[in-house]
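Observations on the three-dimensional arrangement
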Amino acid sequence: MYIFEFDKRLGIAIPSLERDWNFLDKAMQEEILSRWEEIRGNIPDRVKQLETEINQKQTLLFHEEDFLKSCDLNSEISELASIINDLWLWFRSKGKITAQNQY
């Protein structure tokens, strides 16, 4: 019914549901949310890693004299910043239980 697929770009696993969330039973929703909370808790550490990479590339950029290499570094920094932005979007996403108890 669901899997968490590793996203190479983000560096975390993200949920991939085969069915609409509202059609999953309560137990399945709770299981998915529990797993997501574990993954979600690692996002700040991942962001910190990316920020370190950005800082390293900014240092290289500051000292770079070759225009083409500086353009490449700028592109890499921009991509890392985009990943951070996407990670924060995922971090803010919180699911909630919508299913009723199944009797």
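Bear in mind that the values here come from a model prediction, so they are computed numbers and not experimental data. (Residues numbered from 1 in each chain as written. Predicted model: local features only at pLDDT ≥ 70, side-chain atom pairs only at ≥ 80, totals over all residues. Heavy atoms only, no water.)

**Focus on the packing of helix H2 (residues 43–63) against helix H3 (residues 67–92)**
Two elements in contact, H2 and H3, have axes separated by 10 Å at closest approach and are oriented at 165°. On the basis of their axis angle, the class for H2 and H3 is roughly antiparallel. Seen along the crossing, H2 lies across H3 with a hand that is left-handed. Partitioning the contact of H2 with H3 into residue classes produces 17 nonpolar, 3 polar and 5 charged. (Axes fitted to C-alpha atoms, helices over the stretch in contact; angles between N-to-C directions. Helix = DSSP H or I, 4+ residues; strand = E, 2+ residues; numbered from the N terminus. Parallel < 35°, antiparallel > 145°, perpendicular 65-115°, else oblique. Left-handed = near helix turned anticlockwise from the far one by under 90°. Nonpolar A, V, L, I, M, F, W, Y, C, P; charged D, E, K, R; others polar.)

**Describing the pairing of strand E1 (residues 2–7)**
Where E1 and strand E2 (residues 12–17) come together, 6 bridges link them in antiparallel fashion. Residue pairing for E2: Ile-3 is matched across the bridge by Ser-16. Between the end of E1 and the start of E2, which pair antiparallel, lie 4 residues, with Gly-11 showing a positive phi angle near 80°. (Pairing = 2+ DSSP bridges.)

**A short note on the pattern of salt bridges**
Summed over all chains, the structure comprises 5 salt bridges. The closest approach of N and O atoms between Arg-9 and Glu-79, which form a salt bridge, is 2.8 Å. Of the two residues, Arg-9 sits in the loop between E1 and E2 while Glu-79 sits in helix H3, which places them 70 residues apart along the sequence. The exposure class of Arg-9 is partly exposed, given its relative accessible area of 31%. Residue Glu-76 pairs with Lys-57 through a salt bridge whose shortest N-O separation is 2.6 Å. With Glu-76 in helix H3 and Lys-57 in helix H2, this residue pair connects regions lying 19 residues apart in the sequence. Among the charged side chains, a salt-bridge network with shared partners connects Arg-9, Glu-79 and Asp-86. (Salt bridge = Lys/Arg side-chain N within 4 Å of Asp/Glu carboxyl O. Buried < 20%, exposed > 50% of the residue type's maximum accessible area, 1.4 Å probe, protein only.)

**What about the nonpolar core?**
Of all hydrophobic cores here, the largest spans 22 residues; its most connected members are Phe-4, Ile-12, Ile-32 and Leu-87. Elements with a contribution of two residues or more to this core: E1, E2, helix H1 (26–40), H2 and H3. Setting aside residues no more than four positions away along its own chain, Leu-87 makes contact with Leu-10, Ile-12, Ile-43, Arg-46, Val-47 and Leu-50. (Core = buried A, V, L, I, M, F, W, Y, C linked by side-chain atoms within 4.5 Å. Contact = heavy atoms within 4.5 Å.)

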